[in-house]
4 protein chains.
Amino acid sequence: MKIALIGAGRIGKVHALSISQHPDAILSAVADFHTPAAEALAAEHGTRVLSADAIFADGDIDAVLIASSTPTHADYLEQAARAGKAILCEKPIALDLARTRDALQVLEANPVTCALGFNRRHDPQFAALKQALVEGRIGDLETLTIISRDPSPPPAEYVGISGGIFRDMTIHDFDMARWLLDEPITHVHAEGSCLIDPAIGEAGDVDTAMVTLTTASGRLCHISNSRRACYGYDQRIEAFGSAGMLQTQNESETRLRFTGEPGQVEEKPKWFFLERYAEAYSREIGDFVDAWKQGHTPLAGAIDGLEALRLAEAAERSLKEGRRIALDDIH
Amino acid sequence: MKIALIGAGRIGKVHALSISQHPDAILSAVADFHTPAAEALAAEHGTRVLSADAIFADGDIDAVLIASSTPTHADYLEQAARAGKAILCEKPIALDLARTRDALQVLEANPVTCALGFNRRHDPQFAALKQALVEGRIGDLETLTIISRDPSPPPAEYVGISGGIFRDMTIHDFDMARWLLDEPITHVHAEGSCLIDPAIGEAGDVDTAMVTLTTASGRLCHISNSRRACYGYDQRIEAFGSAGMLQTQNESETRLRFTGEPGQVEEKPKWFFLERYAEAYSREIGDFVDAWKQGHTPLAGAIDGLEALRLAEAAERSLKEGRRIALDDIH
Amino acid sequence: MKIALIGAGRIGKVHALSISQHPDAILSAVADFHTPAAEALAAEHGTRVLSADAIFADGDIDAVLIASSTPTHADYLEQAARAGKAILCEKPIALDLARTRDALQVLEANPVTCALGFNRRHDPQFAALKQALVEGRIGDLETLTIISRDPSPPPAEYVGISGGIFRDMTIHDFDMARWLLDEPITHVHAEGSCLIDPAIGEAGDVDTAMVTLTTASGRLCHISNSRRACYGYDQRIEAFGSAGMLQTQNESETRLRFTGEPGQVEEKPKWFFLERYAEAYSREIGDFVDAWKQGHTPLAGAIDGLEALRLAEAAERSLKEGRRIALDDIH
Amino acid sequence: MKIALIGAGRIGKVHALSISQHPDAILSAVADFHTPAAEALAAEHGTRVLSADAIFADGDIDAVLIASSTPTHADYLEQAARAGKAILCEKPIALDLARTRDALQVLEANPVTCALGFNRRHDPQFAALKQALVEGRIGDLETLTIISRDPSPPPAEYVGISGGIFRDMTIHDFDMARWLLDEPITHVHAEGSCLIDPAIGEAGDVDTAMVTLTTASGRLCHISNSRRACYGYDQRIEAFGSAGMLQTQNESETRLRFTGEPGQVEEKPKWFFLERYAEAYSREIGDFVDAWKQGHTPLAGAIDGLEALRLAEAAERSLKEGRRIALDDIH
């Protein structure tokens, strides 16, 4: 599978490495508005630099991995779909529902394999949790608790263009919730505070949030977010059901344990998503290649991006209005 | 300290044992509507049976431990206060705010040492968590997560007289939240479902609930309840702050670990509160005796019962009305 | 059961408390060469002071708990046996085999219930390990690993009268090995070094030791000792077999976990045997009372003291001669 | 660095993959007595098949990775050294000391970069343990405990040609002990039994062993081996010192935890060395490439193979003679 990469930034580099290590994938070209970045990455992987337009025009290229800045995602996605390329697009497609729906319509009209970069679905631990749920390990799922904390807050200027914590950060947790709850979410309630950086509050956002989701059958889901966990990236899920409980645990570099002052000490969790989800990014490329070759649906697709965004909209509205929002009211 | 016990049921027996093992406490008498129960317990501890009235009239008795059925608490508490006895009263004082407030007025008019049976404050692990918070171990507290699940649901007939899950079960978590958050709670949001036993729903209650509390400074607290955890009593608290996180863990009989089929296996958590909080009940008596002897305030008092009940009221109203409730609206 | 206590020192106090809390035991008298110590302990438990001779002469006393200094154990044990008292004797009976055998002969001639204070057999975790072995949880036991480290070394002057590390400290591990291996031990190999305190070496002893035991069927057992573990009392056993592995873990005051600098931190193990084996001491009294009342053999008896001492002798000889010793050669 | 691989079996495949993923290494050729194996592996990595002779003759090849069968190691190593190739040789160089010494002489006469495949030194967890020791995290190292158990025993026919458990299996633990103890080992004592498969005993070997090592300064080291741990590959090290203890833990596929029947369950350890040491094999290639490029000594070299073999010889002799062996007596 010949894959062209658009976007040679931090996450683009991760994908370039994963592509180059996949036995059935070839990094066919790299594009970036900032040409030196494209050139450096292309050189590192022994491939060429192309413009985005040239990529879409090149009949030899099978797929496009869109890892450019968020505002460009929807346009590139539509161009790629029209060019008949398979697509792996970093989330989100867009920060608003209307633009996202437009892109989905283009995909509908131009059916290609389209995967969305909800990387956590590919994480071995979360995948094992999902598998155990499917196998009925805990009987009927009743409640879900998602802890999701970043190691350090983004600069306030980023907050302004991020779309807010629910679209920027919680969006991953909404996707996890949808994937694991496995039935329609009907209501959303959100609380939020600005406890870490006043500049975030001045930018109109919160840095600490708690969201409660309710499903059609009455399952309850709690999401707890913070923009700053001084000890690293805190990513845990607890699924509770009629026959037991499943819990994922944070991962650390090694399991070495020291006993002495000040106690029994193990390493802090891995610092951030590049370390924590390294394996997930690699598996994401594998899933994309498999989906394209075998014609099945990728683990996360464009519709999942739309639905997670609806939950983010509902949470934002709940926080503003101080009440629980019915998801049916989010169009 | 000569303590008379009113109520020779399950929890009365626990208190009788704690009193008899405390070096400075004497179990001076036992009362129970059901005389054979009082007689058996009195015999076991080598003490006498008295009526409640006789207890209040006996000038030699220093204190009364009220462990009778909930509807009798407020009356006994008032009688004891008027008789000038120190009081350790099992929670709740009453299931409604008006009756509770009346009892508090009697206490105000008759100032005696009065402790309320919020046993969890005396648990070594939660006490160590509180101590670490006070010492600033995690900097500024930002969020609190309380998981609280009973091993098995009560019979539906009990549900009808229990006052509902928030007054009956979450009340302990509300007290933990108040104690650990250590500042005014301003808003309450609750979601609930009946997922375990339809009879509970028919009795007008839920068996699965999630509550979100907000404090004056913006701290957020999540409480997750279930009436049935097949693996035992699930009681955990996670406190997250600017400088780290503190987590309590469930306790089990022993820490023996088996590795083989089906994996690395440790024991299930202790089954229910009598096992889990055995040490807490013992320390509760110790705190009560100390408070009386040294004239200081017990770790949990009558006002804590009132305030926890207000939170329960707010949660119930939130669940009914599908919106967030300002605690100021609960009188 | 009316029990008289001989020896009002550190361990005597522990036993006095356990006796007073046991529903079927009464602390009938306390004796100690140092009268003020006996008086203080007797006063604390509301009992009387007697001389050892008076205890043996008092027909109303059922049992004697010998917790005096080691050199007096054998004499008191013999006197108690001749007086027909049930006996719970702190280990060791004596530091040499000949004196121990003599005492056993007296016991044979005067058959009374006689328990030896190998407290670890009564520890809930080790008892659960034993139970799991008996139930075949790990199939055939193949190897046993015993880690046993004291928090801090004894003063060198004590070392001189202690009988050496194998008789004084490893003796407990030899008893655990015998109890868990559950078949004749045939060979002993020991290595030892003085790494902690040169004064211990000058007193002719080692402070760090490793012993290997071999059983008749070829099971292997490793014992690792140190006189100083800066983090507390390190007491762990790992049993490995054809169907799995069982491991005990150190215990700490609470299971509170902190995550932050310098990592994920749990408390250090409990500091020493009084904390770690508090429950074991209490159960030891329970087992003694039961054995006496029901006429069965206590969990650890005088013969277990003799056999553990033979292993200590073999280890000492092995260390001196730099070779493996057949236990048959230790008479 | 152009590396030719001799040996296309199980471990050869692992190395081929590591080489192909290393940015500075190229898999230049593959050789194997069994030509189809060489052809398949070469095809998979897009390289050519060469005979061993052709490899040594090819001036363009920088290095040879010897992963063929044990009896061929020493010959290939000598040929490679004489051809001036850098060498990464799987352990052991040979099963006897004389042949090993001959190979070392050839290396001395033909100084090339020569790494020996003691993969565990490259494991992240053991490397972190070593680093912590070097940094003095536990003060002075006093004792070392190495648990090393294979998941299932080799076929008895393999046992016959393996050189015995000490040369075949414990050899890795001897290397770990040497690396971590970091001072001369002076004495070796070994015990062994045949508890798993009588055919192993008939082949003159043991399947369960315990070895005790003593160093010049009196440090003690215990090694515990079994040929069968039903739950997977059990590889743990505990280092104990004056200021604390360091423990590595087994690794599992994920850290997912289930609570329910039969308890709190985490996954079994990874099954065998290919899974457990996957990262170590990759780092081993990295260390080899770095050593060659920068002219420094690899983490494990030929001399380490010789010294570990001397310990194996001593252990074998100790087991046979039932006594402790001075390492000076092993020539």
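Reading guide: rules and limits
Residues numbered from 1 in each chain as written. Chains lettered and ligands numbered in written order. Predicted model: local features only at pLDDT ≥ 70, side-chain atom pairs only at ≥ 80, totals over all residues. Heavy atoms only, no water. Contact = heavy atoms within 4.5 Å. Buried area = accessible area lost by both parts, 1.4 Å probe. Salt bridge = Lys/Arg side-chain N within 4 Å of Asp/Glu carboxyl O. Polar contact = N/O pair within 3.5 Å; in protein donor to acceptor, adjacent residues only side chain to side chain. Helix = DSSP H or I, 4+ residues; strand = E, 2+ residues; numbered from the N terminus. Least-squares fit on C-alpha atoms with pLDDT ≥ 70 in both. Buried < 20%, exposed > 50% of the residue type's maximum accessible area, 1.4 Å probe, protein only. Pairing = 2+ DSSP bridges. Right-handed = clockwise from strand over helix to strand, strands pointing away. Phe/Tyr/Trp six-rings, centres within 6.5 Å; stacked < 30°, edge-to-face > 60°. Lys NZ or Arg CZ within 6 Å of the ring centre and 35° of its normal. Axes fitted to C-alpha atoms, helices over the stretch in contact; angles between N-to-C directions. Expected span 1.5 Å × (residues − 1). Parallel < 35°, antiparallel > 145°, perpendicular 65-115°, else oblique. Left-handed = near helix turned anticlockwise from the far one by under 90°.

1. A short note on the interface of chain A and chain C
Here is step 1: Counting residues at the interface gives twelve residues for chain A and twelve residues for chain C.
Here is step 2: Of all residues in chain A, A:T259, A:Q264 and A:K268 bury the most surface against chain C, accounting for 41% of the area lost on that side.
Here is step 3: Residue A:K268 pairs with C:E261 through a salt bridge whose shortest N-O separation is 2.4 Å.
Here is step 4: Across the contact surface, chain A and chain C share six residue pairs in polar contact (both at pLDDT 80 or more).
Here is step 5: Secondary structure elements with two or more residues in the side of chain A that touches chain C: β13 (257-260) and β14 (263-266) of chain A.

2. Overview of the relation of the copies chain A and chain B
Here is step 1: Note on the identical chains: chain A maps onto chain B by a rotation of 180 degrees and an axial translation of 0.0 Å, with an RMSD of 0.0 Å. Expressed as a symmetry operation, the mapping of one chain copy onto the other fits a two-fold axis. Within chain A, the C-alpha atom positioned nearest to the axis of rotation is that of A:R323, 2.3 Å from it.
Here is step 2: Both copies present the same face, since 100% of the interface residues in chain A are matched by interface residues at the equivalent positions in chain B.

3. Observations regarding the interface of chain A and chain B
Here is step 1: Facing the 39 residues of chain A at the interface are 39 residues of chain B.
Here is step 2: Buried area between chain A and chain B, summed over both chains or domains, comes out near 3200 Å², and the portion from carbon and sulfur atoms is 59%.
Here is step 3: Contact with chain B buries area across many residues of chain A, yet A:E191, A:M210 and A:F240 alone supply 18% of it, more than any other trio.
Here is step 4: With a shortest N-O distance of 2.9 Å, A:R149 and B:E238 are connected by a salt bridge.

4. Points about the pattern of salt bridges
Here is step 1: A complete count under the given rule lists 112 salt bridges over all chains for this structure.
Here is step 2: Here B:D123 makes a salt bridge to B:R276, at a shortest N to O gap of 2.7 Å. Within this pair, whereas B:D123 is found in the loop between β6 (114-116) and α6 (124-134), its partner B:R276 is found in helix α11 (residues 273-276), the two being separated by 153 residues in sequence.
Here is step 3: According to the relative accessible area criterion, B:R276 is buried, its value standing at 3%.
Here is step 4: In this structure, C:D173 and C:R120 form a salt bridge, with 2.9 Å as the shortest nitrogen-oxygen distance. Taken together, the residues span a long stretch of sequence, with C:D173 in helix α9 (residues 170-181) and C:R120 in the loop between β6 (114-116) and α6 (124-134) at a distance of 53 residues.

5. Some thoughts on the pairing of strand β2 (residues 26-31) of chain D
Residues and elements named next belong to chain D.
Here is step 1: Counting buried positions over the six residues of β2 gives five, a clear majority of the element.
Here is step 2: As judged from the five bridges shared by strand β1 (residues 2-6) and β2, these two strands associate in the parallel manner. Note on β2: the bridge partner recorded for I3 is L27.
Here is step 3: Handedness of the crossover joining β1 and β2 through helix α1 (residues 10-21) is recorded here as right-handed.
Here is step 4: Across two bridges, the pairing between β2 and strand β3 (residues 48-49) is parallel. Across the sheet, the residue bridging to A29 is R48, located in β3.
Here is step 5: For the segment spanning β2, helix α2 (residues 35-44) and β3, crossover handedness is right-handed.

6. What about the environment of B:A8?
All names here are of chain B.
Here is step 1: As for its placement among the helices and strands, A8 is situated in the loop between β1 (2-6) and α1 (10-21).
Here is step 2: For the pair formed by A8 and T35, sequence separation is 27 residues and the distance between their alpha carbons is 9.2 Å.
Here is step 3: Apart from residues no more than four positions distant in its own chain, A8 is found in contact with K13, V30, A31, D32, A37, A38 and L41.

7. What about the packing of aromatic side chains?
Here is step 1: Counted under the stated rule, the structure contains 24 aromatic pairs over all chains.
Here is step 2: With centroids separated by 4.8 Å and ring planes inclined at 85 degrees, the aromatic side chains of A:F272 and A:F273 adopt a geometry described as edge-to-face.
Here is step 3: You can call A:F273 buried: its relative accessible area is 15%.
Here is step 4: Through a chain of ring-to-ring contacts, the aromatic side chains of A:F126, A:Y233, A:F272, A:F273 and A:Y277 assemble into a single cluster.
Here is step 5: Taking NZ or CZ as reference, B:R149 lies 4.0 Å from the ring centre of A:F240, over its face.
Here is step 6: Over the aromatic face of C:F126 sits the side chain of C:R276, whose NZ or CZ is 5.4 Å from the ring centroid.

8. A look at the sheet that holds strand β6 (residues 114-116) of chain A
Residue and element names in this part refer to chain A.
Here is step 1: Here we have six strands laid out as an open sheet, ordered β3-β2-β1-β4-β5-β6, and parallel in their pairing. Edge positions in the sheet fall to β3 (48-49) and β6, since each of these pairs with one other strand and no more.
Here is step 2: Pairing between strand β4 (residues 63-66) and strand β5 (residues 86-89): four bridges, direction parallel. Within the sheet, the bridge partner assigned to A63 lies in β5 and is A86.
Here is step 3: Sitting on the sheet, helix α1 (residues 10-21) is in contact with β1 (2-6), β2 (26-31) and β4, with an inclination near 170 degrees to β1.

9. Re helix α5 (residues 97-109) of chain D
Residue and element names in this part refer to chain D.
Here is step 1: Here α5 is 13 residues long and its end C-alpha atoms lie 18 Å apart, about the 18 Å a rise of 1.5 Å per residue gives.
Here is step 2: The set of residues buried in α5 consists of L97, T100, A103, L104, V106 and L107.
Here is step 3: On its buried side, α5 packs onto α4 (73-82), β5 (86-89), β6 (114-116) and α13 (302-321).

10. Focus on the sheet that holds strand β2 (residues 26-31) of chain C
Residue and element names in this part refer to chain C.
Here is step 1: The strand order β3-β2-β1-β4-β5-β6 describes an open sheet built from six strands, whose pairing is parallel. The open sheet terminates on both sides in strands that have one partner only, identified here as β3 (48-49) and β6.
Here is step 2: Pairing analysis gives four bridges linking strand β1 (residues 2-6) to strand β4 (residues 63-66), with the strands arranged parallel. Considered in β4, the bridge of I3 is made with A63.

11. Section: the packing of helix α5 (residues 97-109) of chain B against helix α13 (residues 302-321) of chain B
Residues and elements named next belong to chain B.
Here is step 1: Contact geometry for α5 and α13: axes closest at 10 Å, N-to-C directions at 165 degrees. Taken together, the axes of α5 and α13 are roughly antiparallel relative to one another. For the pair α5 and α13, the sense of crossing is left-handed. Here L97, T100, R101, L104 and L107 of α5 lie close against α13, whose contacting residues are A302, I303, L306, L309, R310 and E313.

12. Some remarks on the relation of the copies chain A and chain C
Here is step 1: When chain A is brought onto chain C, the operation consists of a screw motion whose angular component is 180 degrees and whose axial shift is 0.0 Å, with 0.0 Å RMSD remaining.
Here is step 2: Looking at chain A, 100% of its interface residues are interface residues in chain C too, so the copies touch through the same face.

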